[in-house]
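Given next are the chains, with one letter for each unit.
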Amino acid sequence: MTTARDIMKPGAQWISRDQTVAQAARVMAELGVGSLVIADENERMCGIITDRDIVVKCIAQGLSPSGTRAAELCEATPRWVSADADIGEVLDEMETRQIKRMPVIENKRLVGMISEADLARHLDDNQLGEFVTAVYGRP
């Protein structure tokens, strides 16, 4: 059985909800990633910020990246999967909610992130086609 742990990129990082969008962008650039989990003071997930969020919700709206907190760009508490979740569970969650990046949790801690690229490396063509249709297809 293939699990979330098998396909995730390990070592995902988070930033504090009080850090700025500019700080989030610098961390993304340093890590070569397109998203970061945002955590509260107890290291609980309270959102995800993406490179697209920075462009569309901050810069395009005329907000200052150095004056806007990362948490201000989050819309809802993010979904996540257990590291031991079967790949079918991961796909169901991502497809149903049209999620492109999925945090992976173990013992209440962030241990990895699953992206579209991770799925592309581990799914057969039919599974990948279903995922793309579910996430990008019109309702």
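Look a little higher up for the structure.
Not measured: the values here are computed from a predicted model.

Participant: Quick one: what's the story with the overall build of the protein, residue by residue and with numbers?
Facilitator: A count of helices and strands for the protein gives six helices and seven strands. Seen in sequence order, the protein has helices and strands lined up from the N terminus as α-β-β-α-β-β-α-β-α-β-β-α-α. Classification of the 139 residues of the protein by burial places 40% in the buried group. Excluding contacts between residues fewer than 6 apart, the proportion of contacts in the protein whose partners are at least 24 apart in sequence is 57%. Total accessible area on the protein is roughly 8100 Å²; 47% of this is exposed by carbon and sulfur atoms. Looking at the protein, you have 16 positive and 22 negative side-chain charges, and the mean spots of the two groups are 6 Å apart.

Participant: If you had to explain the pairing of strand β3 (residues 35–39) to someone new, which residues and values would you point to?
Facilitator: Counting buried positions along β3 gives five out of five residues, so the element sits mostly inside the fold. Burial of the side chains of β3 extends over both faces: S35, V37 and A39 are buried on one face and L36 and I38 on the other. Sheet analysis places strand β2 (residues 14–16) next to β3, joined by three bridges and oriented parallel. Opposite W14, over in β3, you have V37 as the bridge partner. Taken together, β2, helix α2 (residues 21–31) and β3 form a β-α-β motif whose crossover is right-handed. Note: β3 against strand β4 (residues 45–50), five bridges, orientation antiparallel. Within the sheet, the bridge partner assigned to I38 lies in β4 and is G47. Connecting β3 to the antiparallel partner β4 that follows it, the hairpin turn spans five residues, and E43 within it adopts a positive phi of roughly 60 degrees.

Participant: I'd like to hear about the sheet that holds β2, residue by residue, with values.
Facilitator: In space, the three strands of this open sheet follow the order β2-β3-β4, with mixed pairing throughout. The two strands at the open ends of the sheet, each matched to only one other strand, are β2 and β4. Across this sheet, the average inter-strand angle for adjacent strands is 35 degrees, counted without regard to direction. Contacting β2, β3 and β4, α2 crosses the sheet at an angle of about 130 degrees to β3.

Participant: Please set out the layout of surface pockets residue by residue, giving values where relevant.
Facilitator: Space inside the largest pocket adds up to approximately 650 Å³. As for the largest pocket, its lining consists of 19 residues, of which T50, D53, Q98, I99 and K100 are closest to the centre. Elements represented by at least two residues in the lining of the largest pocket include exactly β4, α3 (51–59) and β6 (101–106). Of the residues forming the lining of the largest pocket, the biggest block, four residues, is contributed by α3.

Participant: Lay out the pattern of salt bridges in plain terms, naming residues and giving numbers.
Facilitator: Using the criterion set out here, one finds 12 salt bridges in the structure. Where E72 meets R69, a salt bridge forms, and the shortest distance between an N and an O atom there is 3.9 Å. A relative accessible area of 34% places R69 in the partly exposed class. Between R121 and D118 there is a salt bridge; the shortest N-O distance is 2.5 Å. With R121 and D118 both in helix α5 (residues 116–122), this residue pair falls three residues apart, about one helical turn. Salt bridges sharing common partners tie together R5, D84 and E106.

What counts, and at which threshold
- Residues numbered from 1 in each chain as written.
- Predicted model: local features only at pLDDT ≥ 70, side-chain atom pairs only at ≥ 80, totals over all residues.
- Heavy atoms only, no water.
- Helix = DSSP H or I, 4+ residues; strand = E, 2+ residues; numbered from the N terminus.
- Buried < 20%, exposed > 50% of the residue type's maximum accessible area, 1.4 Å probe, protein only.
- Contact = heavy atoms within 4.5 Å.
- Areas by Shrake-Rupley, 256 points an atom, 1.4 Å probe, with all protein chains shown as cover.
- Lys, Arg positive; Asp, Glu negative; His and termini not counted.
- Charge placed at Lys NZ, Arg CZ, Asp CG, Glu CD.
- Pairing = 2+ DSSP bridges.
- Right-handed = clockwise from strand over helix to strand, strands pointing away.
- Axes fitted to C-alpha atoms, helices over the stretch in contact; angles between N-to-C directions.
- 1 Å grid on protein atoms, 1.4 Å probe; cavity = no way out; pocket = protein on both sides within 12 Å on 5 of 7 lines; lining within 4 Å.
- Points joined across faces, edges and corners; volume = space filled by probe spheres on them.
- Salt bridge = Lys/Arg side-chain N within 4 Å of Asp/Glu carboxyl O.

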